[in-house]
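# Understanding the architecture of this molecule
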Protein chains: 2
Amino acid sequence: MQYPQASRIMLAIDCCIFGFDGDDLKILLIKRNFEPEAGKWSLMGGFLKENEDLEIAAGRILHELTGLNNVYMEQLKAHGKTDRDPVERTVSICFFALINIHEHDSELARKKNGQWFNIADKPNLIFDHDAMVESALHQIRYKAALHPIGFELLPEKFTIPQLQKLYEAIYDSKLDRRNFSRKILSTKLLISTGEKNENAATNKAMLYKLDSEKYKSQFNAFHYFINL
Amino acid sequence: MQYPQASRIMLAIDCCIFGFDGDDLKILLIKRNFEPEAGKWSLMGGFLKENEDLEIAAGRILHELTGLNNVYMEQLKAHGKTDRDPVERTVSICFFALINIHEHDSELARKKNGQWFNIADKPNLIFDHDAMVESALHQIRYKAALHPIGFELLPEKFTIPQLQKLYEAIYDSKLDRRNFSRKILSTKLLISTGEKNENAATNKAMLYKLDSEKYKSQFNAFHYFINL
DNA sequence: TCAAAAGTGTTCAAGCTACACCCATGA
DNA sequence: TCATGGGTGTAGCTTGAACACTTTTGA
């Protein structure tokens with residue numbers, strides 16, 4: 001049984017994959033070695049399969065480039081301008097993923113022509129992918145101010161100064177060290193590991209990890225990490 | 001030229017249409033007189049046409065039931081579980097619309113089997129439409145706390161007590177009259193019309209209208225109408 | 001003249017901002 | 001021993017929550 005009237009349409013999934021290297025917020029792009037627009041940069045994407053849920057497809061596409069599973073992903077808008085894809089009318093559902101950049105399979109990414117760019121140095125992308133990245137950044141900035149999604153970009157153990165650098169990268173602005181620390185600790189989301197960061201140049205900072213119980217239960221509560 | 005490999009998929013648009021009658025937040029549903037699930041309640045929806053942008057399609061579908069144009073609409077998530085539609089694999093992109101309930105064409109709505117329900121009295125809907133309404137309500141509650149979308153549900157001229165009733169309906173809770181008034185006026189988004197609400201039972205309240213300049217320019221700023 | 005709704009004022013506590021000061025580390 | 005980075009404390013201001021009082025209107 002099928003719907004008779006309307007026409008079927010190509011459905012694509014495109015992924016904005018973000019990482020943080022300790023200094024800059026970065027995005028993983030691929031140089032296309034296939035038409036159309038071969039040789040240009042684009043988001044990692046793919047087509048939805050006949051028997052595949054949207055979230056499964058997004059996870060598959062992320063896995064193809066990074067080797068990662070169980071990553072924080074969030075669905076953004078569908079982009080559906082009739083002329084957005086020159087080959088054929090295609091509606092694309094955009095996702096963003098926040099990964100721990102040190103955990104991904106960089107060998108695999110290289111094979112797939114993947115390359116990391118600082119957000120500030122991002123090249124122009126094909127189709128409407130620039131607008132997708134814009135809306136992903138907007139959503140991350142919006143959500144990270146109110147909910148603890150930033151932690152998804154950090155390793156399991158991290159210091160508060162590292163977390164602050166992340167927030168400063170996301171919002172491209174400076175934050176007061178002392179107030180930031182107090183605000184973060186007041187959420188009670190962090191547990192001190194007792195260890196210190198041995199990599200640090202001068203004074204070694206305390207390593208914390210997430211209180212995963214509280215993290216899960218309070219994820220949708222409001223924390224106001226940043227005042228917008 | 002076409003993409004060879006992947007399969008084309010049915011793309012539907014479903015609209016959560018909200019209104020406010022002065023006391024309750026309401027949603028406009030239709031009783032289906034067609035298969036599948038004829039006789040049951042559902043959101044107003046339709047299929048995306050070959051040469052139609054997503055937002056145009058959503059506007060068309062809203063217009064078919066309400067006669068309205070230029071309404072505040074926002075795209076929500078796409079729903080894509082493989083078994084969500086028993087007829088055929090269909091991905092549905094959900095929108096919500098906020099309308100001034102007194103402006104819509106109620107005759108047209110009746111012809112199309114439309115009926116308004118208080119949110120609290122909403123019947124169970126077909127397919128995954130209940131989940132769509134849930135996510136629309138979630139988004140409205142989220143966004144109305146921070147941005148002035150609530151005004152879209154009110155007539156051009158309204159009183160602050162009316163606005164308060166709207167917020168109380170959206171959040172299903174009581175707010176302090178005095179603090180609410182101060183908070184709203186402090187945004188400077190309202191202009192006094194000098195007129196008073198002649199319908200009021202006892203003391204007549206001042207009618208305000210939106211400062212449309214400020215409304216547009218500050219729409220994406222943060223106002224914290226409600227503390228979540 | 002009384003009840004219900006609308007408008008304005010005040011107080012107290014909590015939170016945020018903007019600072020100063022001290023400690024630990026490695027060159 | 002000195003520069004750099006990390007941790008804690010505090011004063012002053014702003015904001016929000018919880019209140020009381022007054023005014024207007026129709027019954």
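As a convention, each chain's residues are numbered from 1 in the sequence order in which they are written. Written order decides the labels, with chains lettered from A and ligands numbered from 1. Two thresholds apply to this predicted model, a pLDDT of at least 70 for residue-level local features and 80 or more for giving and counting side-chain atom pairs, whereas whole-chain, interface and lining totals are computed over all residues. With hydrogens and water excluded, all non-hydrogen atoms of the structure serve as input to the side-chain values.

All names here are of chain A. For the peptide bond that leads from Glu 35 to Pro 36, omega is -5 degrees, which places it in the cis range. Positive phi, normally seen in glycine, also occurs at Asn 70, with a value near 50 degrees. Summarising the element assignment, Asn 70 is placed in the loop between α1 (54–66) and β5 (72–79). When a residue's accessible area, from a 1.4 Å probe over protein chains only, is under 20% of the maximum for its type it is buried; when over 50% it is exposed; and in between it is partly exposed. With a relative accessible area of 84%, Asn 70 lands in the exposed category. Positive phi, close to 50 degrees, is recorded for Phe 127, a residue that is not glycine. Starting at the N terminus, helices and strands are each numbered in turn, a helix being any DSSP run of H or I of at least four residues and a strand any DSSP run of E of at least two.

Within the structure, DNA strand D sits among 17 residues, and Arg 177, Arg 178, Thr 202 and Asn 203 of chain A together with Arg 178 of chain B are positioned closest to it. In DNA strand D, atoms within 4 Å of the protein come 47% from sugar and phosphate. Here the term charged refers only to Asp, Glu, Lys and Arg, the term nonpolar to Ala, Val, Leu, Ile, Met, Phe, Trp, Tyr, Cys and Pro, and the term polar to all other amino acids, Gly among them. Residues belonging to the surface near DNA strand D are distributed by class as follows: four nonpolar, six polar and seven charged. Any residue with at least one heavy atom within 4 Å of a molecule or strand is counted as near it.

This part takes up the packing of aromatic side chains. Residues and elements named next belong to chain A. Ring pairs are drawn from Phe, Tyr and Trp, using the six-membered ring of Trp, whenever the two centres fall within 6.5 Å, and their geometry is named by plane angle: stacked under 30 degrees, edge-to-face over 60, tilted for the rest. Here the structure, examined in full by the defined rule, presents 28 aromatic pairs over all chains. Between Tyr 72 and Phe 219, the ring centres sit 5.9 Å apart and the planes meet at 45 degrees, which makes this aromatic pair tilted. Of this pair, Tyr 72 sits in strand β5 while Phe 219 sits in the segment after α6 (212–217), placing them 147 residues apart in sequence. For the pair shown, Tyr 72 and Phe 219 are each scored as buried. Measuring from centroid to centroid gives 6.2 Å for Phe 222 and Tyr 224, while their planes differ by 35 degrees, and the two rings are tilted. When its relative accessible area of 21% is taken as the criterion, Phe 222 is described as partly exposed.

Further remarks concern the UniProt feature "domain: Nudix hydrolase" (unreviewed entry) in chain A. UniProt positions are given in the numbering used here, feature names are shortened, and annotations may be inferred rather than shown by experiment. As recorded in UniProt, the feature "domain: Nudix hydrolase" (unreviewed entry) lies at residues 10–139 of chain A. Taken end to end, residues 10–139 of chain A is 23% helix and 35% strand, and its two terminal C-alpha atoms sit 26 Å from one another.

Looking now at the interface of chain A and chain B. Note on definitions: a residue-residue contact is assigned when non-hydrogen atoms from the two residues lie within 4.5 Å. At the interface, 41 residues of chain A touch 41 residues of chain B. In total, about 4000 Å² of surface goes out of reach between chain A and chain B, with carbon and sulfur atoms giving 57% of it. Put simply, a salt bridge is a Lys or Arg side-chain nitrogen that is within 4 Å of an Asp or Glu carboxyl oxygen. At the surface where chain A touches chain B, the tally comes to four salt bridges. The salt bridge partner of Arg 8 of chain A is Glu 88 of chain B, with a shortest N-O separation of 2.7 Å. As used in this structure description, the phrase polar contact means that two N or O atoms lie within 3.5 Å; if the pair is within protein, one of them must be able to donate a hydrogen and the other to accept it, and residues adjacent in sequence are counted only when both atoms belong to side chains. Linking chain A with chain B are 21 residue pairs in polar contact (both at pLDDT 80 or more). Of all the elements in the fold, those that place two or more residues in the side of chain A that touches chain B are β1 (10–20), α1, β5, β6 (90–98) and α3 (129–146) of chain A. When residues in the side of chain A that touches chain B are grouped by element, the largest group, four residues, is from β5 of chain A. For the side of chain A that touches chain B, the residue count by class is 20 nonpolar, 10 polar and 11 charged. A 1.4 Å probe defines the accessible area here, and the buried area is the portion of it lost by two parts on being joined, summed over both.

Another aspect to go through is the layout of surface pockets. The rule is simple: put a 1 Å grid over the protein atoms alone, call a set of points where a 1.4 Å probe fits but cannot get out a cavity, call an open set with protein on both sides within 12 Å along at least five of seven lines a pocket, and count a residue as lining if it has an atom within 4 Å of a point. Grid points are joined across faces, edges and corners, and a volume is the space filled by probe spheres set on the points. Its volume calculated, the largest pocket comes out at about 1600 Å³. Taken together, 48 residues line the largest pocket, and the ones lying closest to its centre are Glu 74, Gln 75 and Gln 139 of chain A together with Glu 74 and Gln 139 of chain B. Of all the secondary-structure elements, those providing two or more residues to the lining of the largest pocket are α1, β5 and α3 of chain A together with α1 (54–66), β5 (72–79) and α3 (129–144) of chain B. The element contributing the most residues to the lining of the largest pocket is β5 of chain A, with seven residues.

A few words on the state of the cysteines. All names here are of chain A. Disulfides are defined as cysteine sulfur pairs within 2.5 Å. All told, the structure shown has zero disulfides over all chains when counted by the stated rule. Note on Cys 15: no disulfide assigned, nearest cysteine sulfur contributed by Cys 94 at a separation of 7.6 Å. Under the relative-accessibility criterion, Cys 15 is labelled buried at 0%. Considering cysteine sulfurs only, Cys 16 is the nearest to Cys 94, which forms no disulfide, with 4.1 Å between them. A relative accessible area of 0% places Cys 94 in the buried class.

Turning to the domain arrangement of chain A, a few remarks are in order. All names here are of chain A. Each domain's limits were defined by an automated method or a database of domain assignments. The domains assigned to chain A are domain 1 (10–146) and domain 2 (150–217). The gap between the C-alpha centroids of domain 1 and domain 2 is 27 Å. On the domain 2 side, the residues contacting the 15 residues of domain 1 number 11 residues. Roughly 1200 Å² of surface becomes buried between domain 1 and domain 2 when both sides are summed, with 64% attributable to carbon and sulfur atoms. By the criterion of area lost to domain 2, the three top residues of domain 1 are Phe 20, Arg 141 and Ala 144, representing 42% of everything that side buries. At the junction of domain 1 with domain 2, the criterion picks out one salt bridge. The tally of links between domain 1 and domain 2 comes to four residue pairs in polar contact (both at pLDDT 80 or more).

Looking now at the relation of the copies chain A and chain B. When the copies are superposed, the least-squares fit draws on C-alpha atoms of residues that have pLDDT of at least 70 in both. Between chain A and chain B, which share one sequence, the superposing operator has a rotation angle of 180 degrees and an axial displacement of 0.0 Å; the RMSD is 0.0 Å. One copy is carried onto the other by what is essentially a two-fold rotation axis. Interface residue correspondence from chain A to chain B reaches 100%, placing this contact among same-surface, isologous pairings.

With that settled, consider α3 of chain A. One turn of an α-helix holds 3.6 residues; hence residues three or four places apart share an orientation. Between the first and last residue of a helix there are one fewer steps than residues, each counted as 1.5 Å, and that sum is the expected span. Relative to the 26 Å expected for 18 residues at 1.5 Å per residue, α3 of chain A spans 26 Å between its end C-alpha atoms, a close match to the ideal helical length. Those residues of α3 of chain A that sit buried are His 129, Met 132, Val 133, Ala 136, Leu 137, Ile 140, Tyr 142, Lys 143, Ala 144, Ala 145 and Leu 146 of chain A.

Residues and elements named next belong to chain B. On the basis of which strands lie adjacent, the open sheet formed by three strands has the order β8-β10-β9 and antiparallel pairing. Edge positions in the sheet fall to β8 (158–159) and β9 (190–196), since each has one partner strand and no second. Strands were regarded as paired on the criterion that DSSP finds at least two bridges between them. Bridging between β8 and strand β10 (residues 206–210) involves two bridges; their strand directions are antiparallel. Across the sheet, the residue bridging to Thr 159 is Leu 207, located in β10.

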